[in-house]
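Geometric and topological summary
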Amino acid sequence: MATPLAAVAHKSFPPRHPTQRVLPGFGLTLGYTMLYLSLLVLIPLSAVFVRSLGSGWSHFWDVVTDRRVLASLRLSFGASLSAALINVIFGLVVAWVLVRYTFPCKRLVDAMVDLPFALPTAVAGIALTALYSPGGWLGARLLALGIKVAFTPLGIVVALTFIGLPFVVRTLQPVLEDLDKEVEQAAASLGASALQAFVRVILPALRPALLTGFALAFARAVGEYGSVIFIAGNMPMKSEIAPLLIVTKLEQYDYAGATAIAVVMLVASFALMLGINALQNWALSRHGAR
């Protein structure tokens, strides 16, 4: 016999028919989805491709094979890759501390992780430049050790690491919170050391989230502009990033050249993200098979 509470719930929320839907049917919903994506993503990107080839294939090839353009692309992708890898390592440490330990001012530390999200990128660039410049608080001490950060590619990596850290930490935190500690205890009871438990039990469960955080941090870093231009020095062939070169060509009214560089960055980024997603799906399927 149903309880009074169950009867009230049944009357207030009658069972929904299997054919009823909260949202409209698949056809209408898919139509809205494709329209929305077309207006915001597909049409603008198509315009970039069309504009880049407006002056002909030969001009496009001359632009993307220019030594200055190739140097800026190598720097942008290389620095973004380095910063994302650094964030994967230290972002895991930060997320682990925030989830597994209790300490004074924990909420403040947790809020500080989101600071790069809220801070304007230009402000972040100015602050990092003042800190790591040869006369800055950290820059002077590092320069005494023979390490120059500001106005070098190393400064670009520092800036990209700063803006990419929250993506890794916030991706890992919910996974660590849902991770069952009894599995670690079972591994320890079977004689596994702390390192073996981490490598064989915890790390496989975190691998998909780590790949996701890496992909997000990398994608964010590739297109970063505001926090980099102040600390980079912007010297051609040395510390000039591709987004800055795009802005330079736009200021010179070379729209075809600017969009040609943008197309190369777009294609390369898409290929890398596709590979990372494939690797992530492989990690998920392998973890699920276990």
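Worth saying up front: this structure is predicted, and the values here are computed from it rather than measured. (Residues numbered from 1 in each chain as written. Predicted model: local features only at pLDDT ≥ 70, side-chain atom pairs only at ≥ 80, totals over all residues. Heavy atoms only, no water.)

Of regular secondary structure, the protein chain possesses 14 helices and 0 strands. By the burial criterion, 35% of the 290 residues in the protein chain qualify as buried. Pairs at least 24 apart in sequence give 76% of the contacts found in the protein chain among residues at least 6 apart. A total accessible area of about 17,400 Å² is found for the protein chain, and carbon and sulfur atoms account for 70% of it. (Helix = DSSP H or I, 4+ residues; strand = E, 2+ residues; numbered from the N terminus. Buried < 20%, exposed > 50% of the residue type's maximum accessible area, 1.4 Å probe, protein only. Contact = heavy atoms within 4.5 Å. Areas by Shrake-Rupley, 256 points an atom, 1.4 Å probe, with all protein chains shown as cover.)

Under the counting rule described, the total for this entry stands at 5 salt bridges. When the shortest N-O distance is used, the salt bridge between Arg68 and Glu240 registers 2.6 Å. Of this pair, Arg68 sits in helix H4 (residues 67-100) while Glu240 sits in the loop between helix H12 (226-232) and helix H13 (242-251), and the two are 172 residues apart along the sequence. With a shortest N-O distance of 2.3 Å, Glu224 and Arg220 are connected by a salt bridge. Salt bridges sharing partners connect three or more residues here, namely Asp110, Asp114 and Arg170. (Salt bridge = Lys/Arg side-chain N within 4 Å of Asp/Glu carboxyl O.)

Helical geometry: 3.6 residues make up each α-helical turn, so side chains three or four residues apart lie on a common side. Taking 1.5 Å of rise per residue, the 27 residues of helix H2 (residues 26-52) would be expected to cover 39 Å, and the 36 Å separating its terminal C-alpha atoms lies within 8% of that figure. At Ser38, H2 shows its maximal bend, which comes to roughly 55°. (Expected span 1.5 Å × (residues − 1). Bend = angle between axes of the 7 residues up to and from the residue.)

Once that is clear, we can look at unusual backbone geometry. Residue Cys105 is not a glycine yet carries a positive backbone phi of 60°. Mapped onto the elements, Cys105 comes out in the loop between H4 and helix H5 (106-113). Despite not being glycine, Met237 shows a phi value in the positive range, around 70°. Following the sequence through the fold, Met237 ends up in the loop between H12 and H13.

Going through the model one piece at a time under the given rule, you end up with 6 aromatic pairs. A ring pair is formed by Tyr253 and Tyr255, whose centres lie 6.3 Å apart and whose planes are at 75°; its orientation type is edge-to-face. On the basis of relative accessibility, which here comes to 64%, the residue Tyr253 falls in the exposed class. When its relative accessible area of 34% is taken as the criterion, Tyr255 is described as partly exposed. (Phe/Tyr/Trp six-rings, centres within 6.5 Å; stacked < 30°, edge-to-face > 60°.)

Along the polypeptide, Lys106 turns up in helix H5. Take Lys106: its relative accessible area is 24%, and that puts it in the partly exposed class. Here Lys106 is in contact with Leu98, Val99 and Tyr101, once residues within four sequence places are set aside. At 2.9 Å, the side chain of Lys106 forms a polar contact with the backbone oxygen of Tyr101. (Polar contact = N/O pair within 3.5 Å; in protein donor to acceptor, adjacent residues only side chain to side chain.)

Time to look at the nonpolar core. One recurring pattern in soluble globular proteins: nonpolar side chains tend to sit buried together. Core analysis: the largest hydrophobic core is formed by 38 residues, its most contacted members being Leu73, Leu172, Leu206, Ile261 and Met265. Apart from residues no more than four positions distant in its own chain, Leu73 is found in contact with Ala242, Ile261, Val264 and Met265. Counting 18 residues, the second-largest nonpolar core is a separate cluster that includes Ala159, Val228, Ala232 and Leu244. (Core = buried A, V, L, I, M, F, W, Y, C linked by side-chain atoms within 4.5 Å.)

Looking now at the packing of H4 against H13. Viewed as axis vectors pointing N to C, H4 and H13 meet at an angle of 140°, and their least axial separation amounts to 8 Å. Comparing their axes, H13 and H4 come out oblique. Of the residues in H13, those in contact with Arg68, Val69, Ser72, Leu73 and Ser76 of H4 are Ala242, Pro243 and Leu245. (Axes fitted to C-alpha atoms, helices over the stretch in contact; angles between N-to-C directions. Parallel < 35°, antiparallel > 145°, perpendicular 65-115°, else oblique.)

All right, on to the environment of Leu203 then. Here Leu203 shows up in helix H11 (residues 194-222). A relative accessible area of 26% places Leu203 in the partly exposed class. If we skip the residues at most four places from it in the chain, Leu203 touches Phe198 and Leu210.

Let us now look at the confidence of the model for the protein chain. For the protein chain, the mean per-residue pLDDT works out to 84, and 89% of the residues sit at or above 70. Here helix H1 (residues 4-12) is the element of the protein chain with the lowest mean pLDDT, 46, and H4 is the one with the highest, 94. Confidence drops under a pLDDT of 50 for residues 1-13, and excluding neighbours within four residues, the segment shows 1 contact in the predicted structure. (pLDDT = per-residue confidence, 0-100.)

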